[in-house]
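Okay, here's what each chain looks like letter by letter:
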Amino acid sequence: MSTRYGSRLRGAAPGVRWPLGLTASNEPPWGMSHGGRPAGFAACGLDGQLRNAPQARRFLAATLDGWALERLLPDAGLVVSELVTNAVQHAVEPGTADQGEYPVWLGIFLHPDELVCAVTDPSSRPPCPRDAEASALGGRGLALISALSRTWSWSLTPPRGKTVWATLSLQSSLG
């Protein structure tokens, strides 16, 4: 697992590909308009293994603790777990060498009124919500994400892969 923290995104040299599909101009290409740069940013590279969901939750907990937003952990933790689990189970091809050391990236973006949790993976296949039977052991991940987040969506991340993201309101979590 690799982690990168920062309060601001730094510009990259021309031709350098940012994790999570970010551009050197710091604009996320996956369709969110927040009127500027995030107030906080943290990213974690994951190796595409089943152990990544607990690693992602620990990374999220440390990040939220650093931002004094621990109150978001129950909902954000479940959202991140589901996003990462979906990426590992449905987007990472086992034994494929060209996916890199970290085929999955988790990014946490803090904006004035919301937290954005984004997971980038190497597959261009869209996330596919399912209607799980009551007795099914899986198939509820995107429904959980939808129930806990303000909004969620996905977009292709050139040159390959996609980013699936969910936003959580900071206001609804004030207690």
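What counts and what doesn't
Residues numbered from 1 in each chain as written. Predicted model: local features only at pLDDT ≥ 70, side-chain atom pairs only at ≥ 80, totals over all residues. Heavy atoms only, no water. Helix = DSSP H or I, 4+ residues; strand = E, 2+ residues; numbered from the N terminus. Buried < 20%, exposed > 50% of the residue type's maximum accessible area, 1.4 Å probe, protein only. Contact = heavy atoms within 4.5 Å. Areas by Shrake-Rupley, 256 points an atom, 1.4 Å probe, with all protein chains shown as cover. Core = buried A, V, L, I, M, F, W, Y, C linked by side-chain atoms within 4.5 Å. Salt bridge = Lys/Arg side-chain N within 4 Å of Asp/Glu carboxyl O. Axes fitted to C-alpha atoms, helices over the stretch in contact; angles between N-to-C directions. Parallel < 35°, antiparallel > 145°, perpendicular 65-115°, else oblique. Left-handed = near helix turned anticlockwise from the far one by under 90°. Nonpolar A, V, L, I, M, F, W, Y, C, P; charged D, E, K, R; others polar. Arc of directions from axis to C-beta.

**Observations regarding the overall build of the chain**
Next up, step 1: Regarding its fold elements, the chain presents three helices and six strands.
Next up, step 2: The linear arrangement of helices and strands in the chain, starting from the amino end, is β-β-α-α-β-β-α-β-β.
Next up, step 3: Counting every position in the chain, which comprises 175 residues, the buried fraction comes to 45%.
Next up, step 4: Sequence separation of at least 24 residues holds for 67% of the intrachain contacts in the chain that already meet a minimum separation of 6.
Next up, step 5: Carbon and sulfur atoms form 52% of the exposed surface of the chain, whose accessible area is close to 9100 Å².

**Thoughts on the nonpolar core**
Next up, step 1: If you look at the biggest cluster of nonpolar residues, it comprises 30 residues, and the most contacted ones within it are Val80, Leu106, Ile108 and Leu115.
Next up, step 2: Within the residue set of this core, elements represented by two or more residues are strand E2 (40–46), helix H1 (52–66), helix H2 (73–90), strand E3 (104–110), strand E4 (114–121), helix H3 (141–148) and strand E6 (162–169).
Next up, step 3: Looking at this core element by element, the count peaks at seven residues for H2.
Next up, step 4: Sequence-distant contacts of Leu115, that is, excluding residues within four places in its chain, are made with Leu64, Trp67, Leu72, Ala76, Ile108, Phe109, Leu110, Ala166, Thr167, Leu168 and Leu170.
Next up, step 5: Counting seven residues, the second-largest nonpolar core is a separate cluster that includes Trp105, Phe109, Ala118 and Trp165.

**What to know about the pattern of salt bridges**
Pairs can form between side chains of opposite charge whenever their charged atoms are close.
Next up, step 1: Counted by the stated rule, this structure contains four salt bridges.
Next up, step 2: One salt bridge in this structure joins Asp47 and Arg51, with 2.2 Å as the shortest N-O distance.
Next up, step 3: Judged by relative accessible area, Arg51 falls into the partly exposed class, the value being 46%.
Next up, step 4: For Asp121, the salt bridge identified is with Lys162, shortest N-O distance 3.0 Å. Of the two residues, Asp121 is situated in strand E4 and Lys162 in strand E6; the sequence distance between them amounts to 41 residues.
Next up, step 5: Residue Lys162 is classed as buried on the basis of its relative accessible area, which comes to 6%.
Next up, step 6: Salt bridges here are not isolated pairs; linked through shared partners, they connect Asp113, Glu114 and Arg150.

**Some thoughts on the packing of H2 against H3**
Next up, step 1: It is at 9 Å that the axes of H2 and H3 come closest, and there the two elements cross at 150 degrees. If you check the angle between H2 and H3, you find them roughly antiparallel. In terms of crossing hand, the pair formed by H2 and H3 is left-handed. When H2 is examined against H3, the residues Asp75, Leu78, Val79, Glu82, Leu83 and Asn86 are found in contact with a partner set consisting of Gly141, Leu142, Leu144, Ile145 and Leu148.
Next up, step 2: Its residues placed into classes, the contact of H2 with H3 shows seven nonpolar, two polar and two charged.

**Details of H3**
Next up, step 1: Those residues of H3 lying buried are Gly141, Leu142 and Ile145. For H3, the angular spread of the buried residues around the axis is 95 degrees, confining them to a single face.
Next up, step 2: Packing partners of the buried residues in H3 comprise H2, strand E5 (151–156) and E6.

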